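Tertiary structure, described
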Amino acid sequence: MIHAEGVAEVTDTTFDGEVLGAGLPVLVEFTADWCGPCRQLAPVLGAVAAEEADRIKVVQIDVDRNPGVTSRYAVLSTPTLMVFRDGEPLMSMTGARPKRRLLQDLKNILLPPPPS
């Protein structure tokens, strides 16, 4: 799988605990080794994971090795980005996008920054 730096991998086994049980909103990338746009998205997700770590958790799941979660959320193409909060999917986006557009798409979901 294409690993984005700072982005954890989840599986059919760990998904519910890592994503549905998370205290923060979670951005999940449904990805695959053979997916070109997923490779383009990897550095974007790594940057978002690093810059927004206190407001959103970023993980990825390989669709080929994890058919359970992939079919549960009816993911038909890669990359699909889904955002979960409090165990519920809030939004879904398909395709690679630059960081600025991704952050714009997420602006209503990101928690406010913690007070300094």
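The sections below set out a description of the structure shown in this document. No experiment lies behind these values; they were computed from the predicted model shown.

Right, let's talk about the pairing of strand β5 (residues 88-94) for a bit. Strand direction decides the pairing type here: strand β4 (residues 80-85) and β5, joined by 6 bridges, are antiparallel. Opposite L81, over in β5, you have M93 as the bridge partner. In textbook terms, the turn of a hairpin is the stretch between consecutive antiparallel strands, and for β4 and β5 this stretch comprises 2 residues, one of which, D86, has a positive phi near 55°.

All of the buried residues in helix α4 (residues 99-106) are L102, L103 and L106. Projected down its long axis, α4 shows its buried positions confined to an angular sector of 95°, all on one face. In this structure, the buried side of α4 is in contact with β2 (26-31), α2 (36-51), β4 and β5.

Another aspect to go through is the pairing of strand β3 (residues 57-62). In terms of residue burial, β3 counts as a mostly covered element, since 5 of its 6 residues are buried. By the bridge criterion, 2 bridges tie strand β1 (residues 8-9) to β3 in an arrangement that is parallel. Bridge pairing in β3 links E9 to Q60. Sheet analysis places β2 next to β3, joined by 6 bridges and oriented parallel. Within the sheet, the bridge partner assigned to L27 lies in β3 and is V58. Note that the unit made of β2, α2 and β3 has a crossover that is right-handed.

Considering all chains together, one arrives at 3 aromatic pairs under this definition. Relative to Y73, the ring of F15 lies with its centre 5.7 Å away and its plane at 45°, an arrangement referred to as tilted. Here F15, found in helix α1 (residues 15-20), pairs with Y73, found in the loop between α3 (67-72) and β4; they are 58 residues apart in sequence, far enough to count as distant. Each member of the pair F15 and Y73 is classed as buried. With a centroid separation of 5.6 Å and an interplanar angle of 80°, the aromatic rings of F15 and F84 are classed as edge-to-face. With F15 in helix α1 and F84 in strand β4, this pair connects stretches of sequence that are 69 residues apart. What makes F15 buried here is its relative accessible area of 0%. Taken together, F15, Y73 and F84 form an aromatic cluster joined through their ring pairs.

Basis of the calculations
- Residues numbered from 1 in each chain as written.
- Predicted model: local features only at pLDDT ≥ 70, side-chain atom pairs only at ≥ 80, totals over all residues.
- Heavy atoms only, no water.
- Pairing = 2+ DSSP bridges.
- Helix = DSSP H or I, 4+ residues; strand = E, 2+ residues; numbered from the N terminus.
- Buried < 20%, exposed > 50% of the residue type's maximum accessible area, 1.4 Å probe, protein only.
- Arc of directions from axis to C-beta.
- Contact = heavy atoms within 4.5 Å.
- Right-handed = clockwise from strand over helix to strand, strands pointing away.
- Phe/Tyr/Trp six-rings, centres within 6.5 Å; stacked < 30°, edge-to-face > 60°.

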